[in-house]
Amino acid sequence: MKQLQWYPGHMAKALRQIKEDLKLIDLVVELVDARVPLASSNPDIRQLTNGKAHLCVLNKADLADPDRTDEFLRSFREQGMYAVAVDAREKKGVTAVRSAVQDACREKRERDARRGIKNRPVRALVAGIPNIGKSTLINSLAGKKSAKTGNKPGVTKGKQWIRLSKGLELLDSPGILWPKFEDARVGFLLAATLSIRDEILPTEELALELYQEIAAHYPGRIREKYGMEEGLPAEEALQALAQARNLLKKGGESDTMRAAALFLDDFRSGKLGRISLESMAGV
Ligand code: G4P
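This write-up is about the structure you can find in this document.

Definitions and limits used
- Residues numbered from 1 in each chain as written.
- Predicted model: local features only at pLDDT ≥ 70, side-chain atom pairs only at ≥ 80, totals over all residues.
- Heavy atoms only, no water.
- Near = heavy atom within 4 Å.
- Polar contact = N/O pair within 3.5 Å; in protein donor to acceptor, adjacent residues only side chain to side chain.
- Areas by Shrake-Rupley, 256 points an atom, 1.4 Å probe, with all protein chains shown as cover.
- Helix = DSSP H or I, 4+ residues; strand = E, 2+ residues; numbered from the N terminus.
- Nonpolar A, V, L, I, M, F, W, Y, C, P; charged D, E, K, R; others polar.
- Axes fitted to C-alpha atoms, helices over the stretch in contact; angles between N-to-C directions.
- Parallel < 35°, antiparallel > 145°, perpendicular 65-115°, else oblique.
- Contact = heavy atoms within 4.5 Å.
- 1 Å grid on protein atoms, 1.4 Å probe; cavity = no way out; pocket = protein on both sides within 12 Å on 5 of 7 lines; lining within 4 Å.
- Points joined across faces, edges and corners; volume = space filled by probe spheres on them.
- Salt bridge = Lys/Arg side-chain N within 4 Å of Asp/Glu carboxyl O.
- Core = buried A, V, L, I, M, F, W, Y, C linked by side-chain atoms within 4.5 Å.
- Buried < 20%, exposed > 50% of the residue type's maximum accessible area, 1.4 Å probe, protein only.
- Disulfide = S-S within 2.5 Å.

Another aspect to go through is the site of the ligand. The full set close to the ligand counts 15 residues, and D62, A88, K134, S135 and T136 are the nearest of them. Between R89 and the ligand, the recorded distance is 3.3 Å, taken from a side-chain N or O atom to a nitrogen atom. The fraction of the free accessible surface of the ligand (710 Å²) that becomes covered by protein chains is 73%. If you tally residues by element for the shell around the ligand, the top one is helix α6 (residues 134-142), at three residues. Split by residue class, the shell around the ligand holds four nonpolar, five polar and six charged.

As structure tokens, this is what we get:
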């Protein structure tokens, strides 16, 4: 897995790159994680993309609670945003992305038509924080048939475009956005869903917080998965999990570190079922 350490220098570089890319495109496809769509969105992107069409794609919807995803989609659309949910890895919802792109760019196409510009393709940039699924979505959208259009001298020097259809071209390198770091809650949500480095929170601390969240909002999941009593305080639950899975140190003591890693892994890979850690009500 790719991981990025964000130092001020990296943030400045990412910002510069996005500003350059924005000059070339009509539409930003911002990817967020359907399990944490608010925490995984970039705080500055709206200002940066002012004047461009914007489509919000809730990715990894296969891992998220479908009711909460529907709730987010409804609410985003009520706020006037274009939004769709996808599972980019399995290419589910990718057709909806294509049509949402066309809807989001209708104004631009009408403006072109009024000026007598015909058949100018819509150009889009896929952007999002690291590990959110940008490359996966680009590959899913591109499929096998799409052709790279190659470098176009002058305006798009060094840039490659992927032609998705006659009317739509995608910049083949995604825009990397930086996460919000200031808020400890956001840090927890992004670490739990693996959009920022584990080291930001130690594994055990992260697992304890996640355990509390899941026990509170998804009762029954932990019992179903591990056959453990529910309602134990988090520390005791990790010890019980270590015992249940025979994760023991020399001498028979519970290896809570390995239990924490197992629990995080099970959540991240969907083995605890479909779980969202945010809701519109702001859990
Ligand atoms: P990035 O370009 O934004 O950095 O993200 P990338 O596409 O590399 O995806 C990051 C990880 O998220 C990958 O897993 C990828 O398979 C996974 N992913 C992307 N979209 C989805 C989705 O809709 N659902 C699920 N469940 N996972 C998704 P990885 O563990 O880094 O690699 P691998 O397991 O695919 O080898």
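This brings us to the packing of helix α8 (residues 203-217) against helix α10 (residues 234-244). The N-to-C vectors of α8 and α10 enclose an angle of 105°; their axes lie 9 Å apart at closest approach. Classified by the angle their axes make, α8 and α10 are roughly perpendicular. Contacts between α8 and α10 involve E204, L208, Y211 and Q212 from the former and A234, E235, A237 and L238 from the latter. Looking at the contact of α8 with α10 residue by residue, the class counts come to five nonpolar, one polar and two charged.

Here we come to the layout of surface pockets. In this structure, the second largest pocket spans a volume of roughly 480 Å³. D26, G51, K52, A53 and A104 are, among the 23 residues lining the second largest pocket, the residues nearest its centre. Elements with a minimum of two residues in the lining of the second largest pocket: β2 (53-59), α4 (94-104) and α5 (106-114).

Our next topic: the pattern of salt bridges. Enumeration according to the criterion identifies eleven salt bridges in this entry. Where K249 meets E253, a salt bridge forms, and the shortest distance between an N and an O atom there is 3.8 Å. Within this structure, K108, D112 and R120 form a network of salt bridges that share partners.

A word on unusual backbone geometry. Note: most peptide bonds trans; most residues except glycine with negative phi. Here the phi dihedral of K60 falls at roughly 60°; this positive angle occurs in a residue that is not glycine. Residue position: K60 is located in the loop between β2 and α3 (66-78). Backbone geometry places K91, a non-glycine residue, at a positive phi of 60°. With respect to the element layout, K91 can be found in the loop between β3 (82-85) and α4.

Describing two packed helices takes the angle between their axes plus the distance from one axis to the other. Across the interface, helix α7 (residues 184-192) lies against α8 with an axial gap of 10 Å and an inter-helix angle of 95°. It follows that α7 is roughly perpendicular to α8 by the angle criterion. Contacts between α7 and α8 involve R185, F188, A191 and A192 on the former and, on the latter, L206, E209, L210 and E213. For the contact of α7 with α8, the per-class residue count stands at five nonpolar, no polar and three charged.

This part covers the nonpolar core. Counting 76 residues, the largest nonpolar core has L27, V29, L55, L210, I214 and F263 as the members making the most contacts within it. Residues C56, A61, A64 and F72 belong to the second largest nonpolar core, which totals eleven residues.

Under the criterion given, the structure shown has zero disulfides. Looking at C56, it has no disulfide partner, and the nearest cysteine sulfur is the one in C105, 15 Å off. By relative accessible area, C56 is classed as buried at 3%.

Summarising the element assignment, S40 is placed in the loop between β1 (27-33) and α2 (45-48). Assessed through its relative accessible area of 1%, S40 is described here as buried. Side-chain polar atoms of S40 contact the backbone nitrogen of D33, separated by 2.9 Å. From its side chain, S40 meets the backbone oxygen of V36 in a polar contact 2.7 Å long. Aside from chain neighbours lying at most four places away, what touches S40 is L31, V32, D33, I129, I132 and L190.

The quantities given are spatial measurements derived from coordinates; they are silent on function.
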